[in-house]
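Residue-level structure breakdown
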Amino acid sequence: MSAIETIHVDGVWRAAASGATREVLDPADATILQLVSEGGAEDTDAAVAAARRAFDEGAWPGTPVAERSALLRRVADLLQRDREEIALIESRDTGKTLEEGRVDVDDVTNAFRYFADVVMNESGGRVVDAGSADVHSVVVHEPVGVCALITPWNYPLLQASWKVAPAVAAGNTFVIKPSEVTPLSTVHLIKLLVEAGLPAGVANIVTGAGLPVGQRLAEHPDVDLFSFTGGLASGTKAGAAAVSGAKKIALELGGKNPNVVFADSCATEEGFDTAVDQALNAAFIHSGQVCSAGARLIIEEPVRDRFVAELARRAEKIKLGRGTEDGVECGPLVSQQQLDKVEAYVASALSEGAQLRSGGSRPEPSDVRPASGYFYAPTILDGCHREMKVVREETFGPILTVETFTTENEAVALANDTEYGLAGAVFSGDSARARRVAARLRHGTVWINDYHPYLPQAEWGGFGKSGIGRELGPTGLDEYRESKHIYENLRPEPVRWFAG
Ligand code: NAD
């Protein structure tokens with residue numbers, strides 16, 4: 001298989017300066033899906049230099065907002081044109097189902113359209129009352145400059161778009177480094193930006209590893225903003241390097257997200273069925289490889305046994321297989337490394353006294369599930385408590401832990417007992433209680449009687465160690481803009497502070 005050129009610098013696609021390549025694997029059978037360029041420090045420096053030039057000397061930062069907005073709309077249309085192609089790329093690269101890939105493309109399209117709108121609506125400055133008719137005081141927005149964008153492997157297109165769309169809308173230039181595990185859809189996205197008419201040097205991509213490419217971007221003196229989505233360990237390390245150079249930083253990190261289920265949500269058969277179904281979706285969609293996965297079920301004692309039994313029955317029936325096969329509901333884990341990690345978490349939980357209610361092993365191979373794929377059965381661990389490693393740490397796999405509560409205060413305390421604070425949910429038939437509990441949850445997104453939906457117009461991000469800053473919403477655009485106060489004295493005269 002010959003390698004494709006996946007490094008894009010100053011409008012030109014090219015191979016790595018070193019000639020190095022990387023094998024991108026198909027997680028469903030561990031075969032090589034694609035050979036891509038493996039960028040290094042030299043490629044990174046060239047990409048930053050191109051972005052710097054395009055910002056300092058190019059037309060994009062000064063391009064009228066209406067033109068920037070129109071370009072984002074063209075990208076949205078191109079995403080829809082290539083919907084099936086991109087969904088297939090994403091499914092084969094990450095392992096997720098084709099349908100999930102299509103949903104991602106639609107979500108991303110909406111994000112581009114949202115930022116096309118919001119940049120138009122929010123482009124005007126703000127006149128500030130300076131307390132004198134002789135002063136004109138206005139706050140205006142300007143692009144930050146050169147942005148370094150680092151993304152993870154689980155939602156490659158989506159995470160890239162949440163950064164690229166506002167960065168481009170605000171008039172910045174950027175270098176993106178997608179995860180080395182799943183770079184393919186981001187490469188396609190850059191092609192669409194070019195096709196939509198973005199000038200050379202504005203959108204650059206270097207495919208390669210966190211070390212050296214990501215770290216180099218964090219440290220590079222010509223980068224103005226470092227925006228990272230990924231794990232806590234690498235995020236804080238890279239973030240520290242960026243901060244030491246006084247760059248602006250945004251970190252979207254992990255989560256250990258509670259799904260709090262009150263017994264009153266299960267008072268009717270419909271309510272019970274809904275809460276179970278949502279808990280299943282919260283924990284196991286994309287094999288639990290979701291930053292906001294509802295990996296901790298926190299359930300009220302009276303319904304615990306029936307709820308967990310039904311959850312386990314349904315988890316056992318989830319159809320695992322290659323994401324592109326008809327009828328498959330859940331794909332493999334993304335890599336051998338993730339599989340090893342999940343197996344270790346389950347072993348540790350069992351050794352700490354958790355009871356296995358479903359899964360707990362790799363499934364039998366089948367015609368849609370090659371033996372060489374990284375499959376793991378949806379796993380439910382009952383009898384968990386907060387001292388267990390599997391409850392405290394992000395497993396990023398198909399593992400659901402079950403904890404029990406008897407009072408509302410206890411439910412809130414358990415749900416907040418995490419160093420993270422990305423997302424969580426409360427299921428209750430009593431809306432006053434649901435809202436009361438939602439108000440007390442220390443998480444960036446809280447769902448009531450639902451799990452997982454997000455809106456491009458609503459901010460996304462975390463409390464605690466889930467990160468710094470927000471993506472999406474008006475704040476998601478502001479992350480890519482500087483505010484400048486211009487104070488104009490319309491009747492200048494001496495101040496005479498000094499007498500001489
Ligand atoms: P990761 O931290 O291993 O890698 C993320 C990115 O950082 C990759 O591109 C990687 O190459 C790069 N990287 C690694 N070390 C680096 C370094 N020292 N300097 C700069 N870049 C470096 O994360 P992952 O395994 O790809 O993704 C899973 C993690 O991402 C989970 O923790 C998940 O919760 C998190 N995530 C968070 C959100 C969110 O919105 N908060 C969304 C998706 C994923």
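Here's a quick rundown of the structure. (Residues numbered from 1 in each chain as written. Predicted model: local features only at pLDDT ≥ 70, side-chain atom pairs only at ≥ 80, totals over all residues. Heavy atoms only, no water.)

To continue, consider the overall build of the protein chain. Helix and strand counts for the protein chain stand at 15 helices and 20 strands. In terms of overall dimensions, the protein chain is globule-like: its C-alpha atoms have a radius of gyration of 24 Å, near the 23 Å expected for 500 residues. Judged by the C-alpha coordinates and their principal axes, the protein chain covers about 80 × 60 × 40 Å. Taken over 500 residues, the protein chain has a buried fraction of 56%. (Helix = DSSP H or I, 4+ residues; strand = E, 2+ residues; numbered from the N terminus. Rg over C-alpha atoms; globule rule 2.2 N^0.38 Å. Buried < 20%, exposed > 50% of the residue type's maximum accessible area, 1.4 Å probe, protein only.)

Here the focus is the site of the ligand. Close to the ligand lie 27 residues, the nearest being Thr-151, Glu-180, Ser-234, Leu-253 and Glu-394. Between the ligand and the protein, one listed contact pairs an oxygen atom with a side-chain N or O atom of Glu-180 at 2.7 Å. At 2.9 Å, a side-chain N or O of Gln-215 approaches a nitrogen atom of the ligand. Protein chains bury 89% of the 850 Å² of accessible surface belonging to the ligand in isolation. Listed by contribution, the elements that provide at least two residues to the shell around the ligand are α7 (210–219), β10 (225–229) and α8 (232–244). Counting residues per element, the shell around the ligand draws most heavily on α7, which supplies three residues. For the shell around the ligand, the residue count by class is eleven nonpolar, twelve polar and four charged. (Near = heavy atom within 4 Å. Polar contact = N/O pair within 3.5 Å; in protein donor to acceptor, adjacent residues only side chain to side chain. Areas by Shrake-Rupley, 256 points an atom, 1.4 Å probe, with all protein chains shown as cover. Nonpolar A, V, L, I, M, F, W, Y, C, P; charged D, E, K, R; others polar.)

It is worth spelling out the packing of aromatic side chains at this point. Scanning all chains against the criterion turns up ten aromatic pairs. Note on Trp-447 and Tyr-451: the rings are 4.6 Å apart at their centroids and 40° apart in plane angle, and the pair reads as tilted. As far as the burial class goes, Trp-447 and Tyr-451 line up, both buried. Centroid distance Trp-447 to Trp-460: 6.4 Å. Interplanar angle 45°. Geometry classified as tilted. With a gap of 13 residues between them, Trp-447 in strand β18 (residues 445–448) and Trp-460 in the loop between β18 and β19 (467–468) connect regions that are remote in the sequence. Note on accessibility: Trp-447 and Trp-460 belong to one class, buried. Aromatic rings pair up to connect Trp-162, Trp-447, Tyr-451, Tyr-454 and Trp-460 into one cluster. We note Lys-96 situated over the ring of Tyr-155; from NZ or CZ to the ring centre the distance is 3.7 Å. Arg-306 extends its terminal NZ or CZ atom over the ring of Phe-272, reaching a point 3.8 Å from the ring centre. (Phe/Tyr/Trp six-rings, centres within 6.5 Å; stacked < 30°, edge-to-face > 60°. Lys NZ or Arg CZ within 6 Å of the ring centre and 35° of its normal.)

Turning our eyes to something else, we now look at helix α14 (residues 431–440). It helps to recall that an α-helix has 3.6 residues per turn; residues three or four apart then point in one direction. Taken residue by residue, α14 has Arg-433, Ala-434, Val-437 and Ala-438 as its buried positions. An end-on view of α14 places all buried positions within 135° of arc, on one side of the element. Exposed and facing more than 90 degrees away from the buried side of α14 are Ser-431, Arg-435 and Ala-439. Contacts from the buried residues of α14 go to α13 (408–416), β17 (423–427) and β18. Looking at where α14 begins, the residue whose side-chain oxygen comes 3.1 Å from the main-chain nitrogen of Ala-432 is Asp-430. (Arc of directions from axis to C-beta. Contact = heavy atoms within 4.5 Å.)

So, about the nonpolar core. Soluble globular proteins: nonpolar side chains tend toward being buried together. One finds Phe-112, Phe-174 and Phe-307 to be the most contacted residues of the largest nonpolar core, which totals 84 residues. Formed by 26 residues, the second largest nonpolar core is a distinct cluster that contains Ile-7, Val-9, Leu-217 and Phe-228. (Core = buried A, V, L, I, M, F, W, Y, C linked by side-chain atoms within 4.5 Å.)

On to the environment of Val-346, then. Mapped onto the elements, Val-346 comes out in helix α11 (residues 336–351). Distance in space between the C-alpha atoms of Val-346 and Gly-360 is 6.6 Å, their sequence separation being 14 residues. Here Val-346 is in contact with Gly-360, Tyr-376, Thr-379 and Ile-399, once residues within four sequence places are set aside.

Examined against the element boundaries, Thr-44 turns out to sit in helix α1 (residues 41–56). Its relative accessible area of 0% is what places Thr-44 among the buried residues. If we ignore the near neighbours within four places in the chain, the residues touching Thr-44 are Val-206, Val-213, Arg-216 and Leu-217.

Turning to unusual backbone geometry, a few remarks are in order. For the bond running from Leu-211 to Pro-212, omega is 15°, close enough to zero to count as cis. For His-452, which is not glycine, the phi torsion reads 90° and is therefore positive. With respect to the helices and strands, the residue His-452 is situated in the loop between β18 and β19. In this structure, Arg-496 is a non-glycine residue whose phi angle is positive, near 60°.

Within the fold, Asn-172 resides in the loop between α5 (156–169) and β8 (173–177). In terms of polar contacts, Asn-172 uses its side chain to reach the backbone amide nitrogen of Val-144, at 2.8 Å. Excluding residues that lie within four positions of it along the chain, Asn-172 makes contacts with Phe-55, Trp-60, Pro-143, Val-144, Gly-145, Cys-147, Ala-167, Val-202 and Tyr-480.

This part is about the pairing of strand β3 (residues 21–26). Direction of pairing for β3 relative to strand β4 (residues 31–37): antiparallel, over a ladder of six bridges. The residue bridging Glu-23 from the neighbouring strand is Leu-35, located in β4. Between β3 and β4, which pair antiparallel one after the other, the connecting turn spans four residues, and Ala-30 there sits at a positive phi close to 65°. (Pairing = 2+ DSSP bridges.)

What follows concerns the sheet that holds strand β5 (residues 126–128). A sheet is described by the order of its strands in space; here three strands give the open sequence β5-β6-β20, paired in antiparallel fashion. Looking at which strands have only one partner, the edges of the open sheet turn out to be β5 and β20 (481–489). Strand-to-strand twist of the sheet, defined as the mean angle between neighbouring strand axes without regard to direction, takes the value 25°. Of the pairings in the sheet, the one linking strand β6 (residues 135–143) to β20 comprises nine bridges and is antiparallel in character. Counterpart to Val-135 in the pairing with β20 is Asn-489. (Axes fitted to C-alpha atoms, helices over the stretch in contact; angles between N-to-C directions.)

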